[in-house]
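Structural features, examined
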Amino acid sequence: MTHRYRSAVLPRLAVILLSFSSCLFAGNFATPVNYAVNPYPTGIVMGDFNRDGINDLAFTVCGDQNCLSTGSVQVLFGHGDGTFSLGGVYTAGPAGSTADTMASGDFNRDGTPDVVVVNNAINQFGNVSILLGDGKGGFLPPVTYNVEGSTPVWVAVGDFNGDHKLDLAVSVTTTDSVSILLGNGDGTFQAAVSYPVESAPQGITLGDVNSDGVLDIIAANQCGEDPTCRQGTVSVLLGNGNGTFQAPLSFAGGYSPLSVAVADFNGDGKLDVAVADACGVDPTCVSNGSVGILLGNGDGTLQAMSSYIATGSDTARLTVGDFNGDRSPDVVAMDARVNDFTVFLGKGDGTLQAGVDYVVGAVPIWAVVGDFNRDHSLDLAIADEIGYEVSVLLNSGGTRITLGSNPNPSRAHHSVMFNAMIRPSLPGFGVPTGSVTFTAGGKVLGIAPLRSGLAKFPTSALPPGRHSIQANYSGDAQYNSNFSAPLVQIVMP
């Protein structure tokens, strides 16, 4: 029996089942800005596709408004201020196929990001397609590769054999396997080789979980070894460094695990695993979903999972990032049966705080993390499958720092005043408080408190020469820590 999670089948009922939290936009993100796109965006990636130095977005969609043509990739061009404009639509795979999920990487090593798309179709074998970027924000026609199975679900990109050429790992749910396609470095790939996992693999991710310097594969198996397809597992395939993988290690993964991510959640230098469990801790699958954390032992094995209940049901996807600037990874989980997602801030000890709810468009199914307004704080872009839109949420903890000095040039043994102005990136969130540490060449000059967003620090201790000065903001309860661009202070003899 084939098991495959297909978000699009979730409901068109989801539009009726919307639930709203009383805490719509509390926490670290501003109100979403929604961009209308082609129907059914299901995967989303970030990259500088037009090579202007600004992050853009690419996402899988229907090829037309009625979903009658072949699945496609659509682009939103970033402007660097957190806003985007709609780009082109590019065929993603063979005729009649749907474009489901995707990943990005520079497969032909020309400095322009490319994308790989997972395609599926009724009565056809699924596949993956490579769309090479043209450097202008568009893509060349797709080149398709078989994956040793009929229903691929997820693709991850990494260098598995140490040749500095990107390879592909693809989960294939019908064969309970992960297929490896080694890259040739010119945008083409070798034939797929399959490695078994447990039943119904869904999301996969990559990381060095046994600390040997080689990428490993972590897979979320929706059914595990459970014939009722409730109690799933997490498989770890340790890499040999030559493009091959060892037999899988298996760990309990909760009820219906659908995606995985890796990060060091307890700060011990060993990668841990986060799992999105669609059914949460409820084997009947009628309650909210959850995120599970499996701490890594550093040898490829994982500890028992701890679960954190999401704010919505059918927690299908997750991603990680440090959203509050405390250097501990946080988790964002997509609650696909409603129109919200959950942010779990990490405590740095391997545990997570209670989830905070954010409302976006109907059926948020995929998220990508990036700094879209260039304020050094991580933002989110979310594909809302049934809403036919991409929601962009800027981090409300972001700031901008203006660093100045007077005089410049200055003279040795004479005082120079450094001034750092800290302003919110987004209006309406209050005046930053805290302190600023001033450094010269990485060495601390002194610390000054913020008063009405301004920190001043005088010094006469700089010797003659050119000095790279930087202002480092501490952050406060509302705003993330941040740092300024370097200022060159010239000190004359």
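For the structure given in this document, a descriptive report is provided here. Note that the structure is a prediction, hence the values are computed from the model and not measured.

For the rest of this paragraph, the subject is the overall build of the chain. Scanning the chain from terminus to terminus reveals zero helices and 37 strands. Over its C-alpha atoms the chain spans a radius of gyration of 24 Å, differing by no more than 12% from the 23 Å that the globule rule assigns to 493 residues. Expressed along its principal axes, the backbone C-alpha trace of the chain runs to roughly 80 × 50 × 50 Å. The proportion of buried residues among the 493 residues of the chain is 56%. Here the contacts in the chain between residues at least 6 apart in sequence split such that 52% fall between residues at least 24 apart. Accessible area of the chain: about 18,700 Å², with a carbon and sulfur share of 54%. For the chain, the separation between the mean place of its 21 positive charges and that of its 43 negative charges on side chains is 12 Å.

So, on to the sheet that holds strand β31 (residues 416-424). Across a sheet, strands are paired by hydrogen bonds formed along the backbone, either parallel or antiparallel in direction. If you walk across this open sheet you meet the three strands as β29-β31-β34, and the pairing is antiparallel. With one partner strand each, in any of the chains shown, β29 (399-406) and β34 (454-459) form the two edges of the open sheet. Each adjacent strand pair in this sheet contributes to an overall mean axis angle of 15°, direction not counted. Two elements, β31 and β34, share six bridges in a ladder whose sense is antiparallel. Bridge assignment links F418 to a residue of β34, and that residue is F457.

This next bit is on the state of the cysteines. Inspection of the entire model under this criterion finds three disulfides. Each sulfur of the disulfide joining C279 and C285 lies 1.9 Å from the other. The sign of the -75° torsion about the S-S bond sets the C279-C285 disulfide as left-handed. Given a relative accessible area of 2%, C279 falls into the buried group. The connectivity of the disulfide-linked cysteines in the chain, indexed sequentially, is 1-2, 3-4, 5-6.

Time to look at unusual backbone geometry. Geometrically, the link from N406 to P407 is a cis peptide bond, its omega value of 0° lying close to zero. Among the secondary structure elements, P407 is positioned in the loop between β29 and β30 (410-411). Residues N408 and P409 are joined by a peptide bond in cis, for which omega reads 10°. Residue placement: P409 occurs in the loop between β29 and β30. Although it is not a glycine, A200 adopts a positive phi angle of roughly 60°. Relative to the helices and strands, A200 is located in strand β14 (residues 199-207). Judged by relative accessible area, which is 1%, A200 ranks as buried. For R374, which is not glycine, the phi dihedral falls at a positive 55°.

This next bit is on the nonpolar core. I44, L57, I180, I217, V390 and V392 are the most contacted members of the largest nonpolar core, which totals 44 residues. For I44, the contacting residues outside a window of four places in its chain are L57, A58, F59, M102, W366, A367, V368, A381, A383 and V390. Grouped together as the second largest cluster of nonpolar side chains are 21 residues, L403, A412, Y473 and L487 included.

A separate point is the environment of D163. Note that D163 resides in the loop between β10 (152-158) and β11 (167-172). Through-space distance from the C-alpha of D163 to that of G241 is 9.7 Å; in sequence the pair is 78 residues apart.

Now for the sheet that holds strand β24 (residues 340-344). On the basis of which strands lie adjacent, the open sheet formed by four strands has the order β22-β23-β24-β25 and antiparallel pairing. Among the strands making up the open sheet, the edge pair consists of β22 (315-321) and β25 (356-359). For this sheet, the mean inter-axis angle between neighbouring strands, taken without regard to orientation, is 25°. Here strand β23 (residues 330-335) runs beside β24; their pairing, made up of five bridges, is antiparallel. Bridged to D335 within β24 is D340.

Attention now goes to the packing of aromatic side chains. Counted under the stated rule, the structure contains 15 aromatic pairs. Taken together, a centroid distance of 5.1 Å and an interplanar angle of 70° make the contact between Y40 and Y388 edge-to-face. Remark: Y388 occurs in the loop between β27 (379-384) and β28 (389-393) and Y40 occurs in the loop between β1 (33-36) and β2 (44-47); sequence separation between them is 348 residues. One aromatic cluster is present, built from ring pairs that chain together F29, F323, F341 and Y358.

What counts as what
Residues numbered from 1 in each chain as written. Predicted model: local features only at pLDDT ≥ 70, side-chain atom pairs only at ≥ 80, totals over all residues. Heavy atoms only, no water. Helix = DSSP H or I, 4+ residues; strand = E, 2+ residues; numbered from the N terminus. Rg over C-alpha atoms; globule rule 2.2 N^0.38 Å. Buried < 20%, exposed > 50% of the residue type's maximum accessible area, 1.4 Å probe, protein only. Contact = heavy atoms within 4.5 Å. Areas by Shrake-Rupley, 256 points an atom, 1.4 Å probe, with all protein chains shown as cover. Lys, Arg positive; Asp, Glu negative; His and termini not counted. Charge placed at Lys NZ, Arg CZ, Asp CG, Glu CD. Pairing = 2+ DSSP bridges. Axes fitted to C-alpha atoms, helices over the stretch in contact; angles between N-to-C directions. Disulfide = S-S within 2.5 Å. Core = buried A, V, L, I, M, F, W, Y, C linked by side-chain atoms within 4.5 Å. Phe/Tyr/Trp six-rings, centres within 6.5 Å; stacked < 30°, edge-to-face > 60°.

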